[in-house]
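# A look at the structure
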Amino acid sequence: MPPIASAQSQPVARTVLPDPLYYLANFQRVIQRVYERYDDLLSTEEQDFYRRLQLLSGDAQALYVRLLTRKGPLFRTSKLRYQEISDQSQAVADLVAQQLVIQPSEINLLDTFPLFTKQEWLELLPGAAAQRLAKAALVPLLQSLPEPVQTIIEQQGETLIQLNSSEHFATFCLLYFSNGRQDLTEFVLRDLGVYRYENYSLARATRVFTHREQIDKMLAYYRLRDVLDDLASLSREEILALNTQLPAIACSQQQDKCRGNTLVQRRIERLRLRLARQLERLEAWQDALALYRQCQQQPSCERQVRILHRLAQHQAALKLCQQMFDSPSEAEQTFARQFHPKLLKALGQAATKPAPPALNEVQLFLTAGDSPNVELAAAQSLSVSGDCFYVENTLFLSMFCLVFWEAIFADVPGAFSNEFQTGPHDFYEEDFASQRSQHLESGWRKLEHWQRAPDDLIQVAEQKHGIATPFHMGFMPAPELLKLAITRISLRHWQIIFERLLRDLKENRNGLPDLIYFPNTGGYELVEVKGPGDRLQKNQLRWLHYFAEHQIPCQVAYVQWQ
DNA sequence: GCGTTAAGAG
DNA sequence: TTCACACCGTCTC
DNA sequence: GACGGTGTGTCTCTCTTAACGCCA
Ligand SMILES: [Mn+2]
Ligand SMILES: [Mn+2]
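As annotated in an unreviewed UniProt entry, chain A carries the name phosphodiesterase I and comes from Teredinibacter turnerae. The Catalytic activity (unreviewed entry) comment attached to chain A in UniProt states, word for word, "Hydrolytically removes 5'-nucleotides successively from the 3'-hydroxy termini of 3'-hydroxy-terminated oligonucleotides." One UniProt comment on chain A, placed under Sequence similarities (unreviewed entry), says "Belongs to the FAN1 family."

Structure (structure tokens):
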């Protein structure tokens, strides 16, 4: 059960923000910016929401923001006490006048129950018997009383208020951040220095959503996503009903290739993919197929092929599988090649499984208990003859960001719309590179330069350390590692790796080997460690095959404990 | 009392 | 809201 | 053994406090 916040406790010493009304300033910034930028796309309710906010006193606005950032929607006014709000009663009255807060007349016991402590509820239940029960077990006892909520409110001398119109603020946040994930805490964490964002240009910032329809679909998406939290408990009929609630894919406006449209479309498709996957679990194959056919994104095709195979519709499966040979996605191509023989065999045709390229595989015998995990144990054993680092994706992704920093944060139209972005909106789009060819060129030259002047790389890494990138929240590899990497890995190898990353940042940003090993004898080697029972994953295989194809030194080390 | 969990806040 | 691993059951050789 | 599917821990900002349930 949610605990009740204490209003009496005094704030403890902590990092201090200069303005005690910092949260109000942040709130106003969001509201104002969205009101200006999305003026013509706001509904009349949202416009009115803005207007009502403007009519509030400072105290009332501040209190409203406090309520927005606390768990509600019901509050005990006695639990709201803020130093910077001088007249709380007046603030509440102002909010009530603008309908931003409601004084509820009739309140459900179940909604009120969490607001009061077990002790407080027990005052309504005479006798020692109830004392021993768990708090939740008091509910049926309280329900048998005439007016439990009214009684406890009077007994505690309490006033309850209910936050209203908070959904409009959620919409404003969606428009400010262009997603439903970030909120006012972004401002605080940035001001505290927890998050640091690159100081990219917002001079040409534009809005992401261009039609009201996109906004409504985004809002519908977030509502439905919450419903899908307990997807596993839904029946086939319920899932199909949810599917019909998904907004139509195509915007009735022309199907622009603008960001807003693609964003909405992909979000909704991801929900449909989840629904289809659940239909598979329920063995509703035809329904699942029907939903998958409406989806462009992965793994739609793969799932369809698998279902058709399971339904013994091998011709249809084969046809779709062969189409996947030409997929722009390497992952889809690989799946198609591997699944193809199975289908041919099912159709009675001769099938030859493509021999996978040979990998450099070795056994590594380690004594158990040295280290908490296999990767570190393997790294430790390799360290006797060189330097070894447990890097996984971090080394190459961080280096990618450092090398192409100017490209990533370049002032490309439509790339940035607010100050809390880890990267441009089109980072994972196909034309990310072509939109920034000049900047990428200078990145390649910078890489060459850093090979001759590693200290320059280390200096830039230090400078960018802590700044959020599309891949992670700002961690850069240690200088020793950077220096070894930039000097031991040849320019050609860097190019080969970065070219693959640039081909498909989303698909190739993972699966890089666990370790990088720099032997004392020179050179380097990438090492994927596999403990007993672990196997190479598909994304790891794709990288390893690519490395093998381009003579990039790598091996798979199978650890056996001794 | 003690450990767990969650709210709240900067 | 990501990524990599651990584990389990089934199919195949 | 290969392979698919699923669960899990890890990310998560960090710190303080209160409520709750369990145990002695
Ligand atoms: Mn790993
Ligand atoms: Mn590994």
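### Examining the coordination of the manganese ion (ligand 2)
Surrounding the manganese ion (ligand 2) are the protein donor atoms Asp514 (OD), Glu528 (OE) and Val529 (O), at 2.0 to 2.2 Å. Here the donor residues of the manganese ion (ligand 2) share one chain and are spaced in sequence as D-x13-E-V. The distance between the manganese ion (ligand 2) and the manganese ion (ligand 1) is 3.5 Å, with Asp514 acting as a donor to both metals. Pair noted here: Asp514 is in the loop between helix H25 (505-508) and strand E6 (515-519) and Glu528 is in strand E7 (residues 525-530), with a separation of 14 residues, a long-range link. Residue class for Asp514 comes out buried when judged on its relative accessible area of 2%.

### Overview of the domain arrangement of chain A
For chain A, the assigned domains read domain 1 (22-170), domain 2 (204-346) and domain 3 (361-561). One C-alpha centre belongs to domain 1, the other to domain 3, and the line joining them spans 49 Å.

### Here's the deal with the protein's contact with DNA strand C
Near DNA strand C lie 16 residues; those nearest to it are Asn393, Arg509, Gly511, Gln537 and Gln540. Considering DNA strand C, the proportion of its atoms within 4 Å of the protein that are sugar or phosphate atoms stands at 93%. Within the side chain of Lys345, an N or O atom sits 3.3 Å from a phosphate oxygen of DNA strand C. Within the side chain of Gln540, an N or O atom sits 3.0 Å from a phosphate oxygen of DNA strand C. When residues of the surface near DNA strand C are traced back to their parent elements, those giving at least two are E7 and helix H26 (538-549). Broken down by class, the residue content of the surface near DNA strand C amounts to no nonpolar, 6 polar and 10 charged.

Rules used throughout
Residues numbered from 1 in each chain as written. Chains lettered and ligands numbered in written order. Predicted model: local features only at pLDDT ≥ 70, side-chain atom pairs only at ≥ 80, totals over all residues. Heavy atoms only, no water. UniProt positions renumbered as here; feature names shortened; annotations may be inferred. Donors = N, O, S within 2.8 Å, 3.2 Å for Na, K, Ca; no water. Helix = DSSP H or I, 4+ residues; strand = E, 2+ residues; numbered from the N terminus. Buried < 20%, exposed > 50% of the residue type's maximum accessible area, 1.4 Å probe, protein only. Domains from an automatic or database assignment. Near = heavy atom within 4 Å. Polar contact = N/O pair within 3.5 Å; in protein donor to acceptor, adjacent residues only side chain to side chain. Nonpolar A, V, L, I, M, F, W, Y, C, P; charged D, E, K, R; others polar.

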